[in-house]
Amino acid sequence: MREINASIPFDKALWRQDIAGSRAHVAMLGAQGIISEEDAATIDGGLAQIAEEYERDGVPEDWDLEDIHMTVEARLTELIGPVAGRLHTARSRNDQVATDFKLWVRGAIDQMDAGLAELQRALVTRAGEHAESVMPGFTHLQTAQPVTLGHHLMAYYEMIRRDRSRLSDARARLNESPLGSAALAGTGFPVNRETTAKALEFDRPTANSLDAVSDRDFAMDFLFACSTCAVHLSRLAEEFILWASQPFGFVTMADTLSTGSSIMPQKKNPDAAELVRGHAGRVIGCTTALMVTMKGLPLAYSKDMQDDKPPVFEAAGLMELSIAAMTGMVADSTFKTDRMREAAQLGYATATDLADWLVTEADIPFREAHHITGAAVKLAEERCCALDELPLADLRAIDARIDERVFAALSVDASVAARASYGGTAPEQVKAQVAQARAALGMDG
Ligand code: ARG
């Protein structure tokens, strides 16, 4: 029983929140006259001392004390004697743990959001440097149309922007105080839940005590946001893994984020990126774990809910590492823009530009232009040359409406410059996106 019951090995991570919650609670008990102001002050002094001890020496792990709440209370009793027993008036560990955990998740949201802002800054900085660097854009991982590296990086900026918005939604929904819900039914003591909510920077107290002690939506919301973000980071990591491979050769990753091989002297492996990709699996696993834990629980608290913390702590830790790794990777990688440009020139990436030229300059319906272009690509394939290396005579043999002006449209630079629709890959569009993002991130002072 002792072993299966103990949560102190992991919930000691809640000590700051537990002490903050207790200090808010005891101040309210004193102000409401539920306990004397003198006892409240004694208890508060004891709690302050425990915080100092834990800060200095860490939290002692006595499994007989089960959890962080009992650990703090036991120490308080050692320090101030039986008056410590008054702290738990009008409270239960059920509303206490819900409050502590909410405070912890709220802090984790804020920390993750700050990390994501850093990642966005790195993306925006590199995107600004590479607003004009041409690379192949892919669909089905087949060369599709030339794009700019800046545009590609800004796509991840957008994903992270949505991740931050999901975190901010989660934070707003979380921010109601369970304290004062007691075990499940509320309390007969004349508590003031507004006071404790305010002291702990919650927007308001929760409206239903049964819900308050058994709600873990806030933890699931956080994990959903983590999962989606982990998927984004994994996709970005995958890009770097591909780009760093020799057949691509688009990027050289910083030595600080790569490792060598113990047997192949030439190897430089993208381990950090691979671990970010791997961590996404674990974060999604944490989300699944909590949802499955919660799904069969009747109201109100059940001990199953003690298992809510490890997956949340694990996911938060994995996200912190993954975000830091990707920030470093984006900031410190060397993009091999010559090689990217070369690759963009392969694979008939400007075939759509030929079709668009036929539409614009020769007034040919797009479907027909698409067909003519297909014939030109086929011919170029046979000749093993690029589209703009085909002699004009051969192009005119496919369709007489083609003239020499077409060659200007077939360069990769012309191709990206042409895609100047809002949100498109043209350097001017990318620069506008970057400028807007820099302003949103407060990067220009
Ligand atoms: N250690 C418990 C948890 O983490 C605290 C709440 C205990 N409540 C109870 N009724 N046994 O969930």
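The preceding data block contains the structure.
Residues numbered from 1 in each chain as written. Predicted model: local features only at pLDDT ≥ 70, side-chain atom pairs only at ≥ 80, totals over all residues. Heavy atoms only, no water.

1. A short note on the overall build of the chain
Along the chain, the regular secondary structure elements total 19 helices and six strands. A globule of 445 residues ought to have a C-alpha radius of gyration of about 22 Å, yet the chain, at 30 Å, is considerably larger. Summarising its shape, the C-alpha atoms of the chain cover approximately 100 × 55 × 45 Å along the three principal directions. Residues counted as buried form 50% of the 445 residues belonging to the chain. Taking contacts inside the chain between residues at least 6 apart in sequence as the whole, the part at least 24 apart equals 75%. Roughly 20,500 Å² of accessible area belongs to the chain as shown, and the carbon and sulfur atoms make up 53% of that amount. In the chain, 43 positive and 65 negative side-chain charges are present, and the distance between their average locations comes to 1 Å. (Helix = DSSP H or I, 4+ residues; strand = E, 2+ residues; numbered from the N terminus. Rg over C-alpha atoms; globule rule 2.2 N^0.38 Å. Buried < 20%, exposed > 50% of the residue type's maximum accessible area, 1.4 Å probe, protein only. Contact = heavy atoms within 4.5 Å. Areas by Shrake-Rupley, 256 points an atom, 1.4 Å probe, with all protein chains shown as cover. Lys, Arg positive; Asp, Glu negative; His and termini not counted. Charge placed at Lys NZ, Arg CZ, Asp CG, Glu CD.)

2. A short note on the site of the ligand
As a structural note, the neighbourhood of the ligand is formed by S7, E66, D67, H69, R93, N94, V97, Y301, Q306 and K309. Between D67 and the ligand, the recorded distance is 2.9 Å, taken from a side-chain N or O atom to a nitrogen atom. Taking Y301, its side chain carries an N or O atom lying 2.5 Å from an oxygen atom of the ligand. Protein chains bury 86% of the 340 Å² of accessible surface belonging to the ligand in isolation. Per element, the largest residue contribution to the shell around the ligand is three residues, and it comes from helix α6 (residues 93–129). Of the residues that constitute the shell around the ligand, the class distribution is two nonpolar, four polar and four charged. (Near = heavy atom within 4 Å. Polar contact = N/O pair within 3.5 Å; in protein donor to acceptor, adjacent residues only side chain to side chain. Nonpolar A, V, L, I, M, F, W, Y, C, P; charged D, E, K, R; others polar.)

3. Looking at unusual backbone geometry
The general pattern is negative phi for most residues beyond glycine and trans for most peptide bonds. For the peptide bond that leads from L299 to A300, omega is 0°, which places it in the cis range. By secondary structure assignment, the location of A300 is in the loop between α11 (271–294) and α12 (309–332).

4. Comments concerning the pairing of strand β2 (residues 142–148)
Pairing geometry for strand β1 (residues 134–139) and β2, over six bridges, is antiparallel. Along β2, the bridge assignment pairs G137 with Q145. (Pairing = 2+ DSSP bridges.)

5. Quick word on a nonpolar patch on the surface
Judged by side-chain polarity, L184, L210 and L299 come together as a nonpolar surface patch covering roughly 270 Å² of accessible area. As for its placement among the helices and strands, L184 is situated in the loop between β3 (176–177) and α8 (193–199). Given the relative accessible area of 39%, L184 is considered partly exposed. (Patch = residues over 30% accessible without salt bridge, like charges linked within 9 Å, V, L, I, M, F, W, Y side chains within 5 Å. Salt bridge = Lys/Arg side-chain N within 4 Å of Asp/Glu carboxyl O.)

6. Some remarks on the pattern of salt bridges
One pass over the structure, following the stated rule, counts 35 salt bridges. The residue R171 makes a salt bridge to D110 at a minimum N-O spacing of 2.8 Å. Here the residue R171 occupies a position in helix α7 (residues 149–174), and D110 occupies one in helix α6, the gap between them amounting to 61 residues. Residue D110 is classed as partly exposed on the basis of its relative accessible area, which comes to 35%. For D308, the salt bridge identified is with R216, shortest N-O distance 2.6 Å. Of the two residues, D308 is situated in the loop between α11 and α12 and R216 in the loop between α9 (209–214) and α10 (217–244); the sequence distance between them amounts to 92 residues. You can call D308 buried: its relative accessible area is 0%. The exposure class assigned to R216 is buried, which follows from its relative accessible area of 1%.

7. Here's the deal with the environment of H370
Assignment of secondary structure puts H370 in helix α15 (residues 366–383). Given the relative accessible area of 46%, H370 is considered partly exposed. Placed 191 residues apart in sequence, H370 and L179 show a C-alpha to C-alpha distance of 66 Å.

8. Some remarks on the packing of aromatic side chains
What characterises a pair of aromatic rings is the spacing of the ring centres plus the angle enclosed by the ring planes. Considering all chains together, one arrives at ten aromatic pairs under this definition. Taking the centre distance of 5.8 Å and the plane angle of 50° together, the rings of F240 and W243 count as tilted. Here the residue F240 and the residue W243 both occupy positions in helix α10, the gap between them amounting to three residues, near one helical turn. The burial state of F240 is the same as that of W243; both residues are buried. (Phe/Tyr/Trp six-rings, centres within 6.5 Å; stacked < 30°, edge-to-face > 60°.)

9. Section: the environment of H130
Mapped onto the secondary structure, H130 falls in the loop between α6 and β1. The buried category is assigned to H130, whose relative accessible area is 11%. Between the C-alpha atom of H130 and that of I35, which follows or precedes it by 95 residues, the distance is 65 Å. The contacts of H130, once residues within four sequence positions are left out, are T148, L149, G150, F335 and T337. Reaching out from H130, the side chain makes a polar contact with the side chain of S133 at a distance of 2.8 Å.

Worth remembering: the numbers are spatial, not functional.
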